Amino acid sequence: MSKAEQNDKLTQVLEMTEHPERFTDEQLQQLLNDEECAVFYRLMCDATSAYAGTQISLPSRRISFRKIAAILMALLMLSGLSYAAIRMLQNRQDTMETDQKSEIVKPASAIQTQDANDKVWTFQNAELQEILEVVTAFYQLGTEYRNEAPRHVRFYVKWDKTEGIQALVERLNKSEKVNITIADDLLIVE
């Protein structure tokens, strides 16, 4: 149904409620039998009764059904816009969740990338503690921090799993900000 037809039906219902004497009984019955007109009429009646309930302590005054209809139309438009906005946000969130599922990120602040064979990982601006959590889990090693400061030193480092733990420790130790030694199944960080 076109917007013009809806507006025409709404106008007829408004006219019917404000001036029922201008309609024959048959015309009134025909309007109320129309499903859309009946919906408009029920909405106006509900709005009128809701408005009347709020007027208990206020002085009595007559409200135009055209104003009620305008308010109802505005509410319908707002609810439609709200629904559209919610759907857009849900679609955006679904897209973001799909993107996040495809990217493997183990440490909280580290950005890791991997090659196609999953052998080389790149940690960008990652804290040492986060890097070592991933590495020690892979090599099944423990970590002992003898000083708290190195935990939060940030690194950009590539880790090639095929090189072994010693190569990564040597690269990290070159920074002179940390000193990592390997003792049995333990990384000692000073």
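Preceding this paragraph is the structure being described.
Chemist: Is there a simple way to think about the sheet that holds strand 6 (residues 186–189) in this case?
Modeler: Remark on secondary structure: sheet strands pair via backbone hydrogen bonds, oriented parallel or antiparallel. Read from one edge of the open sheet, three strands run 3-6-5, paired in mixed fashion. Of all the strands in the sheet, just strand 3 (142–145) and strand 5 (180–183) have a single pairing partner and so form its edges. Taking the axes of each pair of neighbouring strands and ignoring which way they run, one obtains an average angle of 25° across the sheet. Taken together, the four bridges between strand 5 and strand 6 define a ladder with antiparallel strand orientation. Its bridge partner lying in strand 6, T181 is registered against I188.

Chemist: I tried to follow the packing of helix 5 (residues 128–139) against helix 6 (residues 165–173) on my own but got confused; where do I start?
Modeler: Closest axis-to-axis distance for the helix 5/helix 6 pair is 12 Å, and the angle between their directions is 170°. On the basis of their axis angle, the class for helix 5 and helix 6 is roughly antiparallel. Viewed along their axes, helix 5 and helix 6 form a crossing whose handedness is left-handed. Taking contact as the criterion, the partners of L128, L132, V135 and Y139 in helix 5 are, on helix 6, I165, L168 and L172. Tallied by class, the residues present in the contact of helix 5 with helix 6 amount to seven nonpolar, no polar and no charged.

Chemist: In this structure, what is going on with helix 5? I would like to understand it.
Modeler: Given 3.6 residues per helical turn, the α-helix brings residues three or four places apart onto the same face. The end-to-end C-alpha distance of helix 5, which contains twelve residues, comes to 16 Å, matching closely the 16 Å that a straight helix rising 1.5 Å per residue would cover. Every buried residue of helix 5 is listed here: L128, E130, I131, L132, V134, V135 and T136. Directly beyond the C-terminal end of helix 5, a positive phi value near 55° is found at Q140.

Here is what the cut-offs are and how they apply
- Residues numbered from 1 in each chain as written.
- Predicted model: local features only at pLDDT ≥ 70, side-chain atom pairs only at ≥ 80, totals over all residues.
- Heavy atoms only, no water.
- Pairing = 2+ DSSP bridges.
- Helix = DSSP H or I, 4+ residues; strand = E, 2+ residues; numbered from the N terminus.
- Axes fitted to C-alpha atoms, helices over the stretch in contact; angles between N-to-C directions.
- Parallel < 35°, antiparallel > 145°, perpendicular 65-115°, else oblique.
- Left-handed = near helix turned anticlockwise from the far one by under 90°.
- Contact = heavy atoms within 4.5 Å.
- Nonpolar A, V, L, I, M, F, W, Y, C, P; charged D, E, K, R; others polar.
- Expected span 1.5 Å × (residues − 1).
- Buried < 20%, exposed > 50% of the residue type's maximum accessible area, 1.4 Å probe, protein only.

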